[in-house]
Amino acid sequence: MQALIFNQQITFMQYLDHFFGYPIPIFIKNLIIGIAAILLGLLIKFIIHKIFIMLSRWWDSVIIKSTIKHLRRPIAVFIPLLLLNSSLDIMVMPASVRLHLDKMLEIALTAIFALILIRLINVLEDFFYLKYDLNKENNLKERKIRTQLQFVRKFIVSLIILITAAIIFVEFRKHA
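Let me begin by describing the structure that accompanies this report. Please read these numbers as outputs of a predicted model, since none were measured by experiment.

1. Remarks on the layout of surface pockets
By volume, the largest pocket is sized at about 200 Å³. Where the lining of the largest pocket is concerned, the elements lending two or more residues are helix H2 (26-58) and helix H4 (95-131). When residues in the lining of the largest pocket are grouped by element, the largest group, 6 residues, is from H2. Residue composition of the lining of the largest pocket, by class: 11 nonpolar, 2 polar and no charged. Roughly 160 Å³ of internal volume is contained in the second largest pocket. Residue lining of the second largest pocket: Lys-45, Ile-48, His-49, Phe-52, Thr-67, Ile-68, Leu-71, Arg-72 and Ile-75, and that is the complete set. Breaking the lining of the second largest pocket down by element, the ones donating at least two residues are H2 and helix H3 (62-87). Within the lining of the second largest pocket, the residues separate by chemical class into 5 nonpolar, 2 polar and 2 charged.

2. Observations concerning the packing of H2 against H3
At their nearest, the axes of H2 and H3 sit 8 Å apart, and the two run at 160° to each other. One element, H2, and the other, H3, form an angle in the roughly antiparallel class. Classified by chirality, the crossing of H3 by H2 is right-handed. Looking at the contact of H2 with H3, its residues break down into 18 nonpolar, 6 polar and 3 charged.

Definitions and cut-offs
- Residues numbered from 1 in each chain as written.
- Predicted model: local features only at pLDDT ≥ 70, side-chain atom pairs only at ≥ 80, totals over all residues.
- Heavy atoms only, no water.
- 1 Å grid on protein atoms, 1.4 Å probe; cavity = no way out; pocket = protein on both sides within 12 Å on 5 of 7 lines; lining within 4 Å.
- Points joined across faces, edges and corners; volume = space filled by probe spheres on them.
- Helix = DSSP H or I, 4+ residues; strand = E, 2+ residues; numbered from the N terminus.
- Nonpolar A, V, L, I, M, F, W, Y, C, P; charged D, E, K, R; others polar.
- Axes fitted to C-alpha atoms, helices over the stretch in contact; angles between N-to-C directions.
- Parallel < 35°, antiparallel > 145°, perpendicular 65-115°, else oblique.
- Left-handed = near helix turned anticlockwise from the far one by under 90°.

And the structure:
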């Protein structure tokens with residue numbers, strides 16, 4: 001398996017040399033691969049964003065608009081980082097550099113994923129706020145539900161942050 005990945009690295013690196021017409025340094029090749037992965041991630045994010053914008057025009061749904069509002073920025077960071085992390089397999093670099101870069105990307109992906117989960121809770125909260133209208137005359141039930149939702153949201157967000165911190169600390173400890 002390792003030999004197959006190494007052969008794919010050599011083949012791709014040779015393709016870059018052939019594309020430019022002369023051998024280029026490995027650092028520049030790795031930089032090209034990383035920038036290409038990030039640009040591809042931004043393109044995918046742009047396409048997903050446009051699809052959600054189109055869906056929001058067809059369906060006047062609070063869920064779609066809330067998803068766009070709350071998840072646009074975290075997804076804009078998550079997808080390029082995910083593709084950059086997967087492009088590390090075709091980069092040629094010393095093991096120590098790969099280890100540090102891999103650790104940084106895993107920590108960043110973990111933190112961004114936690115942020116996405118927190119923002120998903122905000123999307124669900126928007127949905128419940130739409131369902132239970134506070135503008136009614138007798139809104140005691142709705143106010144109770146809203147208070148309970150706020151408590152549950154704060155609890156779940158705290159739990160997500162705690163678990164994320166634990167995962168990040170384990171990641172540090174794993175490579176120490």
